[in-house]
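Architecture at a glance
Residue strings, one per chain:
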Amino acid sequence: SWSQSERSAIVELWDKINIDEIGPQALARVLIVYPWTQRYFGQFGNLNSAAAILGNPKVTAHGKVVLNALDNAVKNLDNIKETYSKLSQLHCEILSVDPDNFRLFADCLTIVIANKFGAEFTPEIQATWQKFLAVVVAAMSSRYF
Ligand code: HEM
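In this convention, every chain numbers its residues from 1, walking through the sequence in written order. In keeping with the model being predicted, local features are shown solely for residues with a pLDDT of at least 70 and side-chain atom pairs are shown and tallied solely at 80 or more, while totals for entire chains, interfaces and linings include all residues.

Examining the site of the ligand
Around the ligand, the structure places 18 residues, and the nearest of them are Thr37, Tyr40, Ala69, Asn101 and Phe105. Residues are grouped as follows: Ala, Val, Leu, Ile, Met, Phe, Trp, Tyr, Cys and Pro are nonpolar; Asp, Glu, Lys and Arg are charged; all remaining types, including Gly, are polar. Its residues placed into classes, the shell around the ligand shows 14 nonpolar, four polar and no charged. For each residue, a C-beta atom is positioned from the backbone; the residue is called near a molecule or strand if that atom sits within 6 Å of it.

Quick look at the structure:
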């Protein structure tokens, strides 16, 4: 459960995030730093270099899709597990995504946010944000068995 200050820290940070900017950067960073994650995106075309990944329109579009899905977690802070139940099942049964990758994505997202907001992303806000993402990662992993 969330304290009032945690709730406002998450919502206030989220309100400042431009999904169309941060989503593509976070997904691109995952694909660059952990190149084995490219195996899930064989249909995305050229992922042969950092420049190709950053300039790939399918990566950009999918980064926005993933971050838009995070909006559902922010809007359902008390019900994140149920909110992602179907999505977890999809990633497990249909997409066969190894759930370790959710944590890698969460870490890359935090790094992109830290890079964007600098000192404004205080250690206290960061701790709350990472707690939020840990709940998201657990929810995305909840239908794996
Ligand atoms: C598709 C969310 C992490 C691989 C999707 C979709 C959503 C989503 C909303 C579209 C589902 C649909 O079309 O019905 C998320 C969230 C994540 C996450 C919220 C983490 C917080 C990952 C990671 C990987 C991954 C880490 C792989 C490394 C995929 C793939 C697709 C997909 C391969 C299908 C893409 C396509 O064919 O267009 N995800 N995802 N996801 N996701 Fe994730």
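What about helix α8 (residues 123–140)?
Every helix listed is a DSSP run of H or I at least four residues long, and every strand listed is a run of E at least two residues long, numbered separately from the N terminus. Multiplying one less than the number of residues by 1.5 Å gives the expected span of a helix. Counted at 1.5 Å a residue, the expected span for α8 with its 18 residues is 26 Å, and the 25 Å between its end C-alpha atoms agrees. Residue burial here comes from a neighbour count, namely the number of other C-beta atoms, placed from the backbone, that lie within 10 Å of the residue's own C-beta, with 20 or more meaning buried, 12 or fewer meaning exposed, and in between meaning partly exposed. Listed in full, the buried residues belonging to α8 are Thr128, Trp129, Phe132, Leu133, Val136, Val137, Ala139 and Met140. Here the buried face of α8 lies against α1 (4–16), α4 (57–75), α5 (80–83), α6 (85–94) and α7 (100–117). Contact between residues is assigned whenever the C-beta positions, reconstructed from backbone atoms, fall within 7 Å.

Some thoughts on the environment of glycine 23
Along the chain, the position of glycine 23 falls in helix α2 (residues 19–33). In this structure glycine 23 comes out as buried when scored by C-beta crowding, with 25 C-beta atoms within 10 Å. A sequence separation of 68 residues divides glycine 23 from histidine 91, and the C-alpha atoms of the two residues are 18 Å apart. Among residues more than four places away in sequence, those in contact with glycine 23 are Gly63, Lys64, Val66 and Leu67.

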